[in-house]
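Topology and contacts: notes
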Amino acid sequence: MVRHTRLVAPPLIELRDVGKTYDTGGGLAVEVLRGLSLTVRAGEFVAVMGASGSGKSTLMNLLGLLDKPSRGEYRLAGADVASLDRDELARLRRDTFGFVFQQYNLIPTATARENVEVPAIYAGLPPAERRKRAESLLAQLGLDGRFDNRPNQLSGGQQQRVSIARALMNGGRIILADEPTGALDSRSGAEVMALLKQLAAAGHTIILITHDRAIAEAADRIVEIADGRITHDTGTARSAVPPAPFVGETRRAVSPALSVGEALKAARRALSADLLRTALTLLGIIIGTAAVIALMAIGEGSRQTVLDQLAVFGTNRLYVNPGNESGRGPGGTLSARDADLVRDVPNVAAAMPYLQGQVTVRYGNVDARTTATAVTTDYPRILNWPLSEGVFFTREDERGLAAVAVIGRQVARTLFADGVDPIGRFILVNNVPFQVIGVLSEKGAVSGDADDDDTIAIPFETGSQRIFGTPNLSWISVLIDDLGKADRTSRDIAAVLAAKHHVQDFRIYNKAASIEARSRAQNSLTLLLGFTATISLFVGGIGVMNIMLMSVTERTREIGIRMATGARTRDILRQFLAEALMLSGAGGAAGLVLGHLAGLTATLVGTRVIFTLHAAIGAVLCGALTGLVFGFMPARRAARLEPVTALARE
C-alpha cells in the first residue's frame, strides 16, 4: 500500500515575540501587545477574536505593515520586514495585502470603480486594463450598474463589497478584514462573510479580526487574544494552493507620465469637491498674476513712451553749447567754423550749426509766433526727421541765400486752411518773404510742454543774415557713428574746440548718456511695479499653502487609505503638489486673461500699454512656482504621515 504524505505549506506570516508599546505623552507608555508569537500559512482562513482593547486591531495593523512593532521579529514569506524602508513597505502592501475595513474607508470623492482602481494605479496598470479589471470585480460582487456611484450613493453592504473588490484588485494574496460586518445589518453581514469564505476557498489567505464568536466560527482557525497575548489557538490549518496572481499587476514599472496624469486627475477631483473654497483660493493667484501682467505692461508702455520721446530726433547725438560748465566763466560763442572743426573729429558722422529764435510768420491775414531754426542740409539726417510733403533745401539754396522754408505740421495747420496745399506758397517770416518747399512729418510734443511741430527750418546763411542778424550759434548738433564711443568722442571735440578757443567756453551735452540714464531709471520703475505686483502673488501663495494644509487635515484618512493600498511617499507628495500646481496654474491662466483685460481697460483712459511675451510667461510661471513652493510643505507633511495614524484620524 502506498502512503500519501500531506504537504503543509510553509509559513507565510511569522511573528516571534512581538510587542507594541505606544507613548501617550508625558512619559506614559501603554503596552498593547506583549510578546505575541503567531504563524499563518498560505491559504489559511484565520479569525483573530478578542474583546475591545485586547490588541487585535493593533495586531492587524502590524500584520498589514501599517505599523511597526516595538520589539520582536516579523517575517513575511521568510523575509524580515524590519529592514524595509517606507517605499518597500508600500510595495508589499500594494502587491501582497488587501484591506477590508469596518468603516469601508472608501475615498468619498471617487466613484466605486475609481476606488477599486486605486491599488492598480500605484502598481502601474494602464488605465484601460485597470478599468476592465475593476468593473469585472465589481460585477462579480453583484455591483454591476453601480460602477459610477459614489460611496454616499451606496448602501453599507455595497460599500463593503467595493472595499473587498479593492482588496482583490492587485490579487489580494493576503486579505486582512477588520470587523468587516461591524457596521452592517445581519443580512449584509452574512453576504460579506459568504464572500470571504469564497475567497478562502479560492486560496486567498484570510485574516479576520472580530469580537463576535459567531463570526469567528466561519474561519478554519480561531486565535483568541486578551491583554495583548494569545490565550487560545485552535491551530487548525489547512493546505491550500495560493491564488494565481493577476498577471502583470505587481511588476510593472510605473510610468512617470502616467503617475503625473493620475495625480492631476485625482487633484482635479479633490479640488472640484469644494468649488467655493477652491475659487476663493484661486482669487489670490488670479489677482497677483493679473497685477504683474497689467503693471508690467503699463510700465513697459511708459518706458517705451519715454524712449520714443527721447529718440524721436535721434539717440546718437551730442550737443555743443556756448558757455562753460559752471556758468561763472567767460560766456563764449560758437560759429559755423567751429562746426567745421567738429565735423573732422573721428566718429563724427555730421556736425550742423544750429541757430534758433522766435519769429512771426504770416500767410494772408493769419499770423502766429513760432520757432525758426537756421540749419544746414544735414537737418533731416541728424534730427531723424523726414518730410511728409515737398523737398528739403539744397546746398545751392544755402550758398545762394535762397529764401525757402520747410515748415512743421503745426505751422501748416495754423497758417493754411484745410484743403490748402502749402507747397509753393509764400509766407512772411519777420516780414521777409519765404517760399514753402516742404512740410516736416508730424512729431508731436516730445520736448517738455512744447510742440516740436510748431517750427520752421530755413537755410543757415539765409537765417543768420536776413532773420537773426548774427553768425553766433545757439548750439552745434553732432551725429556720431558709434554710440559706444560717445564719451571718447565728447572728449575729442572738447580738445579740438579748446585748442581753437584757448579757453573752455563751451559745454558738451551727451544726449546718448542722458537717454541711457533715463532708460535705466524707467527700467527700475518698471521692475518696481513688477515687484510690487509680485507681493500679491506671494499673498496668493500663502492662500494656496493654507488651503493645502486644510486639505491635508481634512483628507488625512484618504491619505491613509492610499498608503494602505500601496501609495509610496513620492506618490502622496506628487498628488498634493499636483493639486497646488493645478490651483496656481488655473489661477495663473485666469490671471493672464484678467491682466490683459485690465491693460486694455487702461488704454481707454489714454495709458500706453505694451504687453510682452516674457512678462506674461514670467507671471504665469511665477504663479505656478509660488503654488509649488507654498504647496510643498503641506504635501511633504501629508507624505510623511504614518499609515496607521492617518487611518485612525476622524
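Please read these numbers as outputs of a predicted model, since none were measured by experiment. Note that residues are indexed from 1 along each chain, following the sequence as it is written. Totals for whole chains, interfaces and linings use every residue, but because this is a predicted model, local features are given only for residues with pLDDT of at least 70 and side-chain atom pairs only at 80 or more, for both listing and counting. Side-chain metrics rest on all non-hydrogen atoms present in the structure, leaving aside hydrogens and water.

1. Regarding the overall build of the protein chain
Counting from the N terminus, the helices are DSSP H or I runs at least four residues long and the strands are E runs at least two residues long. Scanning the protein chain for helices and strands turns up 20 helices and 20 strands. Every residue pair with non-hydrogen atoms within 4.5 Å of one another is taken to be in contact. Long-range pairs, those at least 24 residues apart, make up 78% of the contacts in the protein chain with a sequence separation of at least 6. When the accessible area of the protein chain is evaluated, it comes to approximately 29600 Å², of which 55% is carbon and sulfur surface. Note on areas: Shrake-Rupley with a 1.4 Å probe; residue coverage comes only from the protein chains shown.

2. So, the packing of aromatic side chains
Pairing of aromatic rings covers Phe, Tyr and the six-membered ring of Trp, with a centre-to-centre limit of 6.5 Å; geometry is then stacked below 30 degrees between planes, edge-to-face above 60, and tilted otherwise. Applying the stated criterion across every chain yields a total of 10 aromatic pairs. With a centroid separation of 5.9 Å and 20 degrees between ring planes, the pair formed by Tyr 319 and Tyr 509 is classed as stacked. With Tyr 319 in strand S11 (residues 317-322) and Tyr 509 in strand S20 (residues 506-510), the pair connects residues that are 190 residues apart, well separated along the chain. Among the residues examined, Tyr 319 registers a relative accessible area of 13% and is labelled buried. The class of Tyr 509 is partly exposed, set by a relative accessible area of 38%. Aromatic pair Tyr 379 and Trp 385: ring centres 6.1 Å apart, planes at 25 degrees, arrangement stacked. Note on accessibility: Tyr 379 and Trp 385 belong to one class, buried. Among the aromatic residues, ring-to-ring pairing joins Tyr 319, Tyr 354, Tyr 379, Trp 385, Phe 392, Phe 393, Trp 475 and Tyr 509 into one connected group. Any residue under 20% of the maximum accessible area for its type is buried, any over 50% is exposed, and the rest in between are partly exposed; the area is computed with a 1.4 Å probe on protein chains only.

3. Digging into empty space enclosed by the protein
A pocket here means an open set of points on a 1 Å grid, computed over the protein atoms alone, that has protein on both sides within 12 Å along at least five of seven lines. A cavity is instead a set of points where a 1.4 Å probe fits but cannot get out; residues with an atom within 4 Å of a point line either one. Grid points are joined across faces, edges and corners, and a volume is the space filled by probe spheres set on the points. Considering all chains together, one arrives at three cavities of 30 Å³ or more under this definition. Volume-wise, the second largest cavity comes out at about 70 Å³. Taken together, the elements giving at least two residues each to the lining of the second largest cavity come down to helix H2 (86-96), strand S6 (97-100) and helix H5 (156-168). Counting residues per element, the lining of the second largest cavity draws most heavily on S6, at three residues. When residue character is reported, Ala, Val, Leu, Ile, Met, Phe, Trp, Tyr, Cys and Pro are called nonpolar, Asp, Glu, Lys and Arg charged, and the others, Gly included, polar. Of the residues that constitute the lining of the second largest cavity, the class distribution is six nonpolar, three polar and three charged.

4. Digging into a nonpolar patch on the surface
A cluster of nonpolar side chains, namely Val 593, Leu 594, Leu 597 and Leu 600, defines an oily patch on the protein surface of about 360 Å² accessible area. As for its placement among the helices and strands, Leu 597 is situated in helix H18 (residues 569-604). Only residues whose relative accessible area exceeds 30% and that form no salt bridge are eligible for patches; like-charged ones are grouped when within 9 Å, while nonpolar side chains (Val, Leu, Ile, Met, Phe, Trp, Tyr) are grouped when within 5 Å. A pairing counts as a salt bridge when a side-chain nitrogen of Lys or Arg comes within 4 Å of a carboxyl oxygen of Asp or Glu.

5. Re the pattern of salt bridges
In total, this model carries 29 salt bridges according to the counting rule given. Across the salt bridge formed by Asp 87 and Arg 570, the nearest N and O atoms sit 3.2 Å from each other. Of this pair, Asp 87 sits in helix H2 while Arg 570 sits in helix H18, and the two are 483 residues apart along the sequence. A salt bridge links Glu 135 to Arg 113; the shortest N-O distance between them is 3.4 Å. Pair noted here: Glu 135 is in helix H4 (residues 127-140) and Arg 113 is in helix H3 (residues 112-123), with a separation of 22 residues, a long-range link. Classification of Glu 135 by relative accessible area gives partly exposed; the value is 22%. Judged by its relative accessible area of 8%, Arg 113 is buried.

6. A few points about the packing of H5 against helix H6 (residues 186-201)
Axis angles are defined between N-to-C directions and span 0 to 180 degrees, where every axis is a line fitted to C-alpha atoms and, for a helix, only to the segment in contact. Axis separation between H5 and H6 bottoms out at 9 Å; the angle between their running directions is 15 degrees. Taken together, H5 and H6 sit at an angle that is classed as roughly parallel. Remark: the crossing between H5 and H6 carries right-handed chirality. From H5, Gly 157, Gln 160, Arg 161, Ile 164 and Leu 168 reach across to H6, where they touch Ser 188, Glu 191, Val 192, Leu 195 and Leu 199. In terms of residue class, the contact of H5 with H6 is made up of five nonpolar, three polar and two charged. Every angle not falling under 35 degrees, over 145, or within 65 to 115 is termed oblique; those three ranges are roughly parallel, roughly antiparallel and roughly perpendicular. A crossing counts as left-handed when the near helix is turned anticlockwise from the far one by less than a right angle, and as right-handed when that turn is clockwise.

7. Quick look at the nonpolar core
Generally speaking, soluble globular proteins have nonpolar side chains that are buried together. Only buried residues count toward a nonpolar core. Its members are Ala, Val, Leu, Ile, Met, Phe, Trp, Tyr and Cys residues joined through side-chain atoms within 4.5 Å. Residues Ile 13, Tyr 74, Leu 76 and Ile 207 are the most contacted members of the largest nonpolar core, which totals 61 residues. If we ignore the near neighbours within four places in the chain, the residues touching Leu 76 are Leu 12, Ile 13, Leu 65, Val 81, Leu 92, Phe 97 and Ile 174.

8. Some details on the confidence of the model for the protein chain
pLDDT: the predictor's confidence for each residue, scored from 0 to 100. Scored by pLDDT, the protein chain has a mean of 82; 84% of the residues are at 70 or more. The least confident element of the protein chain, judged by mean pLDDT, is helix H8 (residues 256-272) at 65; the most confident is strand S15 (residues 404-407) at 96. A low-confidence stretch, residues 1-7 stays under pLDDT 50, and its non-local contacts, those more than four residues away or across chains, total four contacts. Counting interchain partners and residues more than four positions distant, the pLDDT-below-50 stretch residues 243-253 has 17 contacts.

9. A few points about unusual backbone geometry
Backbone geometry places Ala 77, a non-glycine residue, at a positive phi of 55 degrees. Residue Ala 77 is classed as exposed on the basis of its relative accessible area, which comes to 51%. Of note in the backbone geometry, His 502 takes a positive phi value of approximately 60 degrees without being a glycine.

10. Details of the sheet that holds strand S3 (residues 45-49)
Working definition: the strands of a sheet are paired by backbone hydrogen bonds and lie parallel or antiparallel to each other. Pairing between strands requires that DSSP locate at least two bridges from one strand to the other. The mixed open sheet is built from six strands, whose spatial order is S6-S7-S8-S3-S9-S10. Lying at the two open borders of the sheet, with one neighbouring strand each, are S6 and strand S10 (229-233). Put simply, the sheet's adjacent strands are angled 20 degrees from each other on average, direction ignored. With four bridges joining them, S3 and strand S9 (residues 221-226) adopt parallel strand pairing.

11. What to know about the side chain of Arg 113
Nitrogen and oxygen atoms within 3.5 Å of one another constitute a polar contact, given that in protein one can donate a hydrogen and the other can accept it, and given that sequence-neighbouring residues count only through two side-chain atoms. Side-chain polar atoms of Arg 113 contact the side chain of Asp 148, separated by 2.9 Å. Aside from chain neighbours lying at most four places away, what touches Arg 113 is Arg 131, Ala 134, Glu 135, Leu 138, Phe 147 and Asp 148.

12. A word on H3
The element H3 is extensively covered by neighbouring structure, given that 12 of its 12 residues are classed as buried. Of all the positions in H3, only Ala 112, Arg 113, Glu 114, Asn 115, Val 116, Glu 117, Val 118, Pro 119, Ala 120, Ile 121, Tyr 122 and Ala 123 are classed as buried. Of the residues one or two after H3, Gly 124 is the one with positive phi, at around 85 degrees.

13. Thoughts on the environment of Gly 203
You can see Gly 203 is positioned in the loop between H6 and strand S8 (205-210). When its relative accessible area of 3% is taken as the criterion, Gly 203 is described as buried. As for Gly 203 and Ala 42, which are separated by 161 residues in sequence, their C-alpha atoms are 7.9 Å apart.

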